[in-house]
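Descriptive structure summary
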Amino acid sequence: MTEASIALVVILFALLFSSTPIAVALGLTSFAYFFYFTTIPLTQVPERLFNSLNTFPLMAIPFFVLAASIMSRGGISRRLITACNAVVGHFRGGLAMTGVLACMFFAAISGSSPATVVAVGTLIIPAMIASGYPKRFSTGLIATSGSLGILIPPSIPMIVYGIATEESIGDLFVAGILPGLLAGFMLLGLVFVISRRQGYGTGEHAIDMTTAEKLRALRDAVLSLALPALVLGGIYGGVFTPTEAAAMAVFYAVIVSVFVYKELDLKDLGGILLSSSRTSAMIMFIIANGILFSFVLTSERIPGEITELLLGYELDKWTFLLLVNVILLVAGCFMETSSAILIIAPILLPIALELGVDPIHLGIIMVMNLEIGMVTPPLGLNLFVASGMSGMTVLQVARAAIPTAIVLLAALFLVTYVPAISLALLGGG
């Protein structure tokens, strides 16, 4: 490693250990590199930051964030939950299964794990507790199920990975469908087994909807259920790009919430726009600094040197994927999802290509690992969101999420070593 490379590592870790936010640490490290080790004027750095965000695919992120905010406040998420209740509510542990299924549906709209936890958990967690489910079980389940928001497409981390690696975002979305369904149905299976053993959802707490009530719930949710079909169908049918689909999701959500369900007024949109812009600005700030740091890594040939080092150990493809999972599971505990992708993807991709790993498959593996990172301390965002809703401490939520997180680990193992789960809909595997 060169002197500049060593200095980069030292500065970055010194900032991280001083509790500096990751995005700020990446930006300051990049500034130090430009100032001490290049002749590039610092006045050009803001221009590079702007240019890193001035891409059409990235516009999908603020649109998906805005669409999720409108849906969670405009009655769409509530109707999705009621429809899910009509489908699985009669099973043992039906309300808990409703929570998982609702997270799967909302994930197919929002692209964000914390947004999914908020939209579903705000309604489901109090209802589960009132129906006799332990607070620990209810909160841990929704915190984990909400993480499906970044696996089931559309997905903000998949957009970031596509930009970082120049892979097709549409292909990544398609590849995420089967892994997302696999993880979701495995969680449903776990809920059924636990509920049967513990007697959850029985007696006076059993859900008993008549056929007419079920049909009414499904009818009321038709427009809500049409939104995932519009977004994903438009992308896969070649009608929209992911960015255009995100804009259509906002338009559709406004029409349904304001003019059909009438649970929002036009004057409410100002506050929603403001809160969504704050969230989008935070994500974009992380991405801009991450892309800038990726440029620094590439300039110092650090990804190439790591590739040569690991290939020197003559790793086979499967051992490499095991190593990838270990690295990403650890990274997910300490790094925000977009930052982790922007830093680690450029390093892992060249090695993966050398060993014959499909880059789309690698992207799904990365997202699934970082999905688990959403419920692992100390930085798991879903833990903080669920903690705020339930009144439990972050550590209590993390402990409660262990059984469901283990299920996601099992799904990750299957997806890692059975590439067809990711690639079958793309004609590969």
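Residues numbered from 1 in each chain as written. Predicted model: local features only at pLDDT ≥ 70, side-chain atom pairs only at ≥ 80, totals over all residues. Heavy atoms only, no water.

1. Here we look at the packing of helix α12 (residues 222-236) against helix α13 (residues 242-260)
Defined as follows: Axis definition: a line fit to C-alpha positions, over the contact stretch in the case of helices; interaxial angles, taken between N-to-C directions, run 0 to 180 degrees. Strands here mean DSSP runs of E at least two residues long; helices mean DSSP runs of H or I at least four residues long; both are numbered from the N terminus. To sort the angles, those under 35 degrees are grouped as roughly parallel, those over 145 as roughly antiparallel, those from 65 to 115 as roughly perpendicular, and the leftovers as oblique. By convention, the crossing between two helices is left-handed when the near helix turns anticlockwise from the far helix through less than a right angle, and right-handed when the turn is clockwise. What makes two residues a contact is simply this: any of their non-hydrogen atoms within 4.5 Å. Under this grouping Gly is polar, as are all residues other than the nonpolar Ala, Val, Leu, Ile, Met, Phe, Trp, Tyr, Cys and Pro and the charged Asp, Glu, Lys and Arg.
Across the interface, α12 lies against α13 with an axial gap of 9 Å and an inter-helix angle of 165°. With respect to α13, the element α12 is oriented roughly antiparallel. Here α12 runs over α13; the crossing is right-handed. Mapping the contact onto sequence places L223, A226, L227, L230, V231 and I235 in α12 and P242, A245, M248, A249, Y252, V256 and V260 in α13. Residues belonging to the contact of α12 with α13 are distributed by class as follows: 13 nonpolar, no polar and no charged.

2. Some remarks on helix α16 (residues 317-334)
Rules: Working rule for helices: expected span equals 1.5 Å times residues minus one. Between buried and exposed lies partly exposed: a residue is buried under 20% and exposed over 50% of the maximum accessible area for its type, with that area taken using a 1.4 Å probe on protein chains only. Whenever two N or O atoms come within 3.5 Å, that pair is a polar contact, provided that in protein one can donate a hydrogen and the other can accept it, and provided that, for residues adjacent in sequence, both atoms are side-chain atoms.
Over its 18 residues, α16 extends 26 Å from the first C-alpha to the last, a length consistent with the 26 Å expected when each residue adds 1.5 Å. Turning to α16, its buried residues number three or more, namely F320, L321, V324, N325, L328, A331, G332 and C333. Where α16 is buried, its residues touch α17 (337-354), α18 (359-373) and α21 (402-417). Backbone nitrogen of W318 and a side-chain oxygen of the N-cap are separated by 3.1 Å at the start of α16; the cap is D316.

3. Observations regarding the packing of helix α7 (residues 113-130) against helix α19 (residues 381-390)
Contact geometry of α7 with α19 gives a least axis separation of 10 Å together with a crossing angle of 25°. In terms of axis orientation, α7 runs roughly parallel to α19. Relative to α19, α7 is oriented so that their crossing is right-handed. Across from S113, P114, V117, V118, G121, T122 and I125 in α7, the residues of α19 making contact are L381, N382, V385, A386 and M389. Split by residue class, the contact of α7 with α19 holds eight nonpolar, four polar and no charged.

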